[in-house]
Amino acid sequence: MSAVIIDGAKIAGQVKERVAQGVADLNKTKGVRACLAVILVGDDPASISYVSGKTKALAEAGMADRSIRLPATVSQEELLDRISVLNADDSVHGILVQLPLPEHIDSRKVVQAIHPKKDVDGFHPVNLGNLVIGSRSFLPCTPHGVLKLLRETGIRTDGARAVIVGRSNIVGKPLAILLARRDCNATVTICHTGTRDLPAVTREADILIAAAGRPGVITADMVKPGAAVIDVGVNRVPDASKKSGFRLTGDVDFEAVKEVASFITPVPKGVGPMTIAMLMHNTLEAACLSCGYGLF
């Protein structure tokens, strides 16, 4: 029996509908329109695509869009100055700098320049530190989206063995912390390039999360029968049959693994839409916090 395919696009749509209602309520009650500034540096096609998706979501939610496009040659100093201006602008509630940045710009300094109260990506050290100790913070969007998928699908985390393949600061590490917190209560293992006998570890997972950034790295023989498999990977692989010359694929061998797992996310329309939905959620939360509105 094939796995239940988790419809991330549908669940993300439900989240965005609730956000849109919250945006309308905030505007009506406080006269505040939630606003996000997305800064895009350069003309990387993948980054342009991601930013376009965020711009569309802002319009659908009724939020103000203060997006800024800068050339790849922009200096680090000028980029930091732009962020400083946005930090001081009370009408801007969230700031996101699209990564990756050109090599001459230190991404860490850029992320740290964003005020923690406007860091709707959840990457600032203050927000990550609060995440670790369990204090209120903006949750990184992709890990938050994964948790939302698990909860909305009814996949139990309490007492579950969760294995994450990938240890990035954006997905693997924060997701491990979230899953281990008391409200999720999972037992978590993080795998990486130094993991010995990776298949033996992944086969122990009740919940297997692939976030390695390598297409097809998780094969059917690596999955425990009945496990829930969440594919965070988004990889562009050559495909001459496509007009673009490529197709998107995840870190999981979807067709084979779906015959073993109980639940599985597709790529696309799995975790990806949830990332943008949770960004909208965080931006609304930032707007509410800025004026003391108790929507959250």
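The structure under discussion appears in the preceding block.
Residues numbered from 1 in each chain as written. Predicted model: local features only at pLDDT ≥ 70, side-chain atom pairs only at ≥ 80, totals over all residues. Heavy atoms only, no water.

## Focus on the overall build of the protein
1) Next: Helix and strand content of the protein: 10 helices and 12 strands.
2) Next: By its C-alpha atoms, the protein is 55 × 45 × 35 Å across when sized along the principal axes.
3) Next: Taken over 296 residues, the protein has a buried fraction of 47%.
4) Next: In the protein, the proportion of contacts linking residues at least 24 apart, taken out of those at least 6 apart, comes to 70%. (Helix = DSSP H or I, 4+ residues; strand = E, 2+ residues; numbered from the N terminus. Buried < 20%, exposed > 50% of the residue type's maximum accessible area, 1.4 Å probe, protein only. Contact = heavy atoms within 4.5 Å.)

## Focus: helix α3 (residues 76-88)
1) Next: Under the 1.5 Å per step criterion, the end-to-end length of α3 is 19 Å for 13 residues, consistent within 8% with the ideal 18 Å.
2) Next: Three or more residues of α3 are buried, namely Gln76, Leu79, Ile83 and Leu86. All buried residues of α3 fall inside an arc of 90° around its axis, so they share one side. Exposed and oriented more than 90 degrees from the buried face of α3 are Glu77, Val85 and Ala88.
3) Next: In this structure, the buried residues of α3 make contact with β2 (35-41), β4 (68-70), β5 (94-97) and α4 (107-113). (Expected span 1.5 Å × (residues − 1). Arc of directions from axis to C-beta.)

## Things to note about the layout of surface pockets
1) Next: Here the largest pocket is characterised by a volume of approximately 1,400 Å³.
2) Next: Forming the walls of the largest pocket are 48 residues, and the residues nearest its centre are Tyr50, Thr142, Val234, Gly272 and Thr275.
3) Next: Listed by contribution, the elements that provide at least two residues to the lining of the largest pocket are α1 (8-30), α2 (45-61), β5, α6 (141-153), β10 (235-238), β11 (246-249) and α10 (271-291).
4) Next: Of the residues forming the lining of the largest pocket, the biggest block, nine residues, is contributed by α2.
5) Next: The volume enclosed by the second largest pocket comes to roughly 410 Å³.
6) Next: Together, 19 residues line the second largest pocket, and Lys117, Lys118, Ala286, Leu289 and Ser290 are the ones closest to its centre.
7) Next: Looking at the lining of the second largest pocket, the elements that each hand over two or more residues are α5 (125-133) and α10.
8) Next: At four residues, the largest contribution of residues to the lining of the second largest pocket is made by α10.
9) Next: Class assignment for the residues of the lining of the second largest pocket results in six nonpolar, seven polar and six charged. (1 Å grid on protein atoms, 1.4 Å probe; cavity = no way out; pocket = protein on both sides within 12 Å on 5 of 7 lines; lining within 4 Å. Points joined across faces, edges and corners; volume = space filled by probe spheres on them. Nonpolar A, V, L, I, M, F, W, Y, C, P; charged D, E, K, R; others polar.)

## Notes on the environment of Pro174
1) Next: Relative to the elements of secondary structure, Pro174 occurs in helix α7 (residues 172-180).
2) Next: Classification of Pro174 by relative accessible area gives buried; the value is 3%.
3) Next: For the pair Pro174 and Leu128, spaced 46 residues apart in sequence, the C-alpha to C-alpha distance is 7.7 Å.

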